[in-house]
Structures are given as C-alpha cells and as structure tokens.
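As a plain string of letters, each chain reads:
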Amino acid sequence: MWPRIDGLRVLELGTPGEFRTELTDLALAGEKTATAGLLPLDYHAEGEEVEHVGERLVLVDDTGARVAEIEMTRVELTPFAAVTWEFAQAEGEGFRSVEHWREGHRRYWKSQGYEVDDSTTVVCLWFRVVDQEGGRRSSGAT
C-alpha cells in the first residue's frame, strides 16, 4: 500500500535522491504535468487502485515532506508501445521524441527490476498542482 497523508494517497516522483528532487521541482514549476506508472508493478503489486479524474494526492519531496497537493485531470491505461508524444511532452523531462521517452522509461523500469514489453500496461496520469505548501497556488497545464 502507498503511504497516506491526511487521508490522501502520496505521490513520490521517480526514485529517491537527485532524480526525485528534479522531478518534484519540475512539477512545482508547472513544467511536469504528467507521470507514468506500470499497472503490474505500481498498482497490482502494491494493492492499489488506479487514480481517477478529480482525485487529489499529496506530492512529497525527497525527504517525504508534503510539498503540494495535486489533482488528477486525466487518466489513461495504454500499452507501452502506444504511449503518445503528447504524454511524453507533458512529462516535462525534455524527451526529444516518443522513442526517446520509451528508451528512457524502459531503462528506468529495468533499473527497478521490471522488464517492460510493448504490451505492458502503462498508467498515464495528467495532473495539476492545486495547492503548494506556503500557500502558493499553480494552475498547472494539462
């Protein structure tokens, strides 16, 4: 199960350390408005339901501290080979093409001990930051 803060599920972007800090900063700046998970790895193995449009989650930083509340604006389950360029761009990580996105994500998930193939179900989540700690608000983009 995923951790909860104030009854909301927690979203941790990437892996702990510099990578999580970079991705969290991109989300807080409104440059990262999407993130991907794997249905078998991140949901089935964790006993979690897929997010739904309108659901709010707590975004945490590398220390596990709450930095923002986000709201899901779009949720799609799609085969790895069918992830779109629109989604890759929304991840805000500087991918040059959807193929570049696929290479990077295949490598990332392999480093986490999971091999993806073209039919592996990817959970594509679009979100917006609705409240940042310290009272700053962001409209986010979808």
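For the structure, check the block above.
Residues numbered from 1 in each chain as written. Predicted model: local features only at pLDDT ≥ 70, side-chain atom pairs only at ≥ 80, totals over all residues. Heavy atoms only, no water.

Student: What should I look at first to understand the overall build of the protein in this one?
Tutor: A count of helices and strands for the protein gives four helices and six strands. By the compact-globule yardstick of 14 Å for 142 residues, the protein fits well, its C-alpha radius of gyration being 14 Å. When the 142 residues of the protein are sorted by exposure, 43% land in the buried category. Within the protein, residue pairs in contact and separated by at least 24 positions form 67% of the contacts whose partners lie at least 6 positions apart. As presented, the protein carries roughly 7,200 Å² of accessible surface, and 47% of it is formed by carbon and sulfur atoms. The averaged location of the 27 negative side-chain charges in the protein is 2 Å from the averaged location of its 15 positive side-chain charges. (Helix = DSSP H or I, 4+ residues; strand = E, 2+ residues; numbered from the N terminus. Rg over C-alpha atoms; globule rule 2.2 N^0.38 Å. Buried < 20%, exposed > 50% of the residue type's maximum accessible area, 1.4 Å probe, protein only. Contact = heavy atoms within 4.5 Å. Areas by Shrake-Rupley, 256 points an atom, 1.4 Å probe, with all protein chains shown as cover. Lys, Arg positive; Asp, Glu negative; His and termini not counted. Charge placed at Lys NZ, Arg CZ, Asp CG, Glu CD.)

Student: What's the story with the nonpolar core in this structure? I'm lost.
Tutor: Grouped burial of nonpolar side chains is what soluble globular proteins tend to show. Grouped together as the largest cluster of nonpolar side chains are 19 residues, with contacts concentrated most on Leu 11, Leu 13, Tyr 43, Leu 59, Ala 68, Ile 70 and Met 72. Sequence-distant contacts of Met 72, defined by excluding residues within four places in its chain, comprise Glu 51, His 52, Val 53, Gly 54, Glu 55, Leu 57, Leu 125, Trp 126 and Phe 127. Grouped together as the second largest cluster of nonpolar side chains are 15 residues, Ala 90, Val 116, Cys 124 and Trp 126 included. (Core = buried A, V, L, I, M, F, W, Y, C linked by side-chain atoms within 4.5 Å.)

Student: So what exactly am I meant to see when it comes to the pairing of strand 5 (residues 66-79) here?
Tutor: Every other side chain in a regular strand lies on the same face of the sheet, so the side chains alternate between the two faces. Pairing geometry for strand 4 (residues 56-60) and strand 5, over five bridges, is antiparallel. In the sheet register, Leu 59 faces strand 5, and the bridge partner there is Ala 68. A loop of five residues connects strand 4 with strand 5, the two strands running antiparallel in sequence, and Gly 64 in this loop sits at a positive phi of about 90 degrees. Pairing of strand 5 with strand 6 (residues 121-132), which is carried by 11 bridges, proceeds in the antiparallel orientation. Paired with Met 72 across the strands is Phe 127, a residue of strand 6. (Pairing = 2+ DSSP bridges.)

Student: Is there a simple way to think about the sheet that holds strand 3 (residues 34-38) in this case?
Tutor: Sheet strands pair via backbone hydrogen bonds, and the direction of the pair is either parallel or antiparallel. An order of 1-2-4-5-6-3 is seen for the six strands of this open sheet, with the pairing classed as mixed. At either end of the open sheet lies a strand with only one pairing partner, and these are strand 1 (4-5) and strand 3. Across the sheet, helix 1 (residues 18-28) touches strand 4, strand 5 and strand 6, and the angle it forms with strand 4 is around 130 degrees. With respect to the sheet, helix 4 (residues 98-111) is in contact with strand 3 and strand 6, its orientation differing from that of strand 3 by roughly 50 degrees. (Axes fitted to C-alpha atoms, helices over the stretch in contact; angles between N-to-C directions.)

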